[in-house]
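Next come the chains, spelled out residue by residue.
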Amino acid sequence: MKANEIITKLQIKYTHEPEFVQACMEFFSSIAHIYDAHEEYQQANVLERMVVPDRIITFQVPWINDAGKVQVNTGYRVQFNNVLGPYKGGLRFHPSVNVSILKFLAFEQVFKNSLTTLPLGGGKGGADFDPKGKSKTEIMRFSQSFMLRIWSDLGQNIDVPAGDIGVGKQEIGFLYGMYKRLTREHVGVLTGKGIDWGGSRIRPEATGYGAIYFLERMLALQKDTITQKRIVVSGFGNVAWGVVKKAHELGALVIAISGPDGFIHAPNGLQQEHIDFMLELRSGNLDIIKPFADKFGFVFTPDKKPWSIPADIAMPCATQNEINEYDVNQLIENNYSYLVEGANMPCTQAAQEILKKSSIRYAPGKASNAGGVAVSGLEMTQNAVRYTWAAEGVDDKLRRIMAEIHDTCVLHGKISPQKIDYAAGANIASFVKIANAMCELGV
């Protein structure tokens, strides 16, 4: 069966899962010609097998709120593909969580993880639970109930979750604490742990740091540097914080940043005191940006995205499909030169098509935001050898991994000396690696 036939079949079968179909379509657009040119891939039907998860686990998560009332949420774990190693991917606690979103995230994770060069498969999970407005005790009860229902499907050589939206160090602690009680083992089955109980240094910042390192490599290829570059960031979570922190350290100017309630404009760039307060707000699970604006007197624009601010580089770090056609056209009108994704698939399919035809150099999330899972893989290694590396050592390894990911994308996506299709490069490199492994391991 040729790629186009598989694509058509997938669109019909999964019309009720738009995010998953979108991720598959973006991927297929780059690799269809390679699949059709390799008889061994067709013989093993690797493409059709790639889009079907190994398993999807769905379960009830009952918990008791502070008023003593029983609440019920739905939990999921999508174990998508483990041909390269144990399933690896985050847990998301958010009301929007559903099978389509988790399948899209797990599908992307498979290829992202393969780009890191670490022996990791791909998965994703979570629940339609909203930790916002919940007490610490309620979050603990929910997290413990969640782990009680999924622990037997996890393991250091089977499936190793991490955090994602709504799942930070606090939630990881509650989840891991219950896992330890159930198994009587202290192994690296969750990453993003606290540094005193098995975590890795710079893990919270890793996705943001990695995105900046990828950007540095893109700039270097054009014989440019990040110094004094004006950057606009969307999102106010750990990824955005890592981006702002590392960008400031390297001499760039983050001149705008947004939260779900609007954005602030900082014409002279965010400084260290702003970055420190940003972390303080994040530690309190407060992701709105208005208090940030009020404290420092920044101009606050409510309920708007930040892409109207002229700058050099856009770094969307919030959530999927946050940048649409209108937003991309704003970036083009404001003469942006780069768009580097810190979030997972923050650009809609239509926005990606416009980007490909524009002069903006575009880095897809499966390449540019791989820093988080890369350091999670390094955390697993540290757990396995019962040792904790210094922050400088982890940071150095992260920088080298991101450089290798960038260079791999260039190798497979080079159109001309000045034109690199990073999205195609990431897709092709990861597809070939996984397809070859699937063929070699048999059906």
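Residues numbered from 1 in each chain as written. Predicted model: local features only at pLDDT ≥ 70, side-chain atom pairs only at ≥ 80, totals over all residues. Heavy atoms only, no water.

On to the sheet that holds strand β3 (residues 87-93). The strand order across the open sheet built from 5 strands is β1-β2-β4-β3-β5, with neighbouring strands paired in mixed fashion. With partners counted over all chains shown, the strands left at the sheet margins are β1 (55-64) and β5 (159-163), one partner each. Looking at each pair of strands side by side, their axes are set apart by 20° on average, direction ignored. Relative to strand β4 (residues 122-127), strand β2 (residues 70-81) runs antiparallel, the two sharing 6 bridges. Residue pairing in the sheet places Q79 in a bridge with G123 of β4. Set on the sheet, helix α6 (residues 136-150) makes contact with β1, β2, β3 and β4; between it and β1 the angle comes to about 140°. (Pairing = 2+ DSSP bridges. Helix = DSSP H or I, 4+ residues; strand = E, 2+ residues; numbered from the N terminus. Axes fitted to C-alpha atoms, helices over the stretch in contact; angles between N-to-C directions. Contact = heavy atoms within 4.5 Å.)

Counting across every chain of the model gives 0 disulfides. As a non-bridged cysteine, C409 has C347 as the owner of its nearest cysteine sulfur, 15 Å distant. Taking the relative accessible area as the measure of exposure, C409 reaches 0% and is therefore buried. Its sulfur unpaired, C439 is 19 Å from the next cysteine sulfur, which belongs to C24. (Disulfide = S-S within 2.5 Å. Buried < 20%, exposed > 50% of the residue type's maximum accessible area, 1.4 Å probe, protein only.)

Judged by nonpolar contacts, the single largest core of 58 residues is most densely connected at L215, I231, I257, F292 and M315. Top element by residues in this core is helix α8 (residues 206-221). It accounts for 9 residues. Each residue touching I231, except ones within four places of it in the same chain, is listed here: I212, L215, I226, A247, A252, L253, V254, I255, A256, I313 and M315. (Core = buried A, V, L, I, M, F, W, Y, C linked by side-chain atoms within 4.5 Å.)

Let's shift gears to unusual backbone geometry. In this model, Q228 sits at a positive phi of 65°, which is unusual for a non-glycine residue. With respect to the secondary-structure elements, Q228 resides in the loop between α8 and β6 (230-234). The class of Q228 is exposed, set by a relative accessible area of 52%. One non-glycine residue, N335, lies in the positive phi region at around 65°.

Attention shifts here to the pattern of salt bridges. Per the counting criterion, the structure on display carries 20 salt bridges. A salt bridge links E216 to R399; the nearest nitrogen and oxygen atoms lie 2.8 Å apart. With E216 in helix α8 and R399 in helix α16 (residues 391-413), this residue pair connects regions lying 183 residues apart in the sequence. A relative accessible area of 34% places R399 in the partly exposed class. As a salt-bridge pair, E249 and K246 come within 2.9 Å of each other at their nearest N and O atoms. Note that E249 and K246 are positioned in helix α9 (residues 238-249) at a spacing of 3 residues, about one turn of the helix. Since its relative accessible area comes to 2%, K246 is described here as buried. (Salt bridge = Lys/Arg side-chain N within 4 Å of Asp/Glu carboxyl O.)

Attention now moves to the pairing of β2. Bridge analysis of β1 against β2 gives 10 bridges, and the strand direction is antiparallel. Bridge assignment links I64 to a residue of β2, and that residue is V70. Linking β1 back to β2 in an antiparallel pair, the connection comprises 5 residues, with G68 at a positive phi of about 85°.

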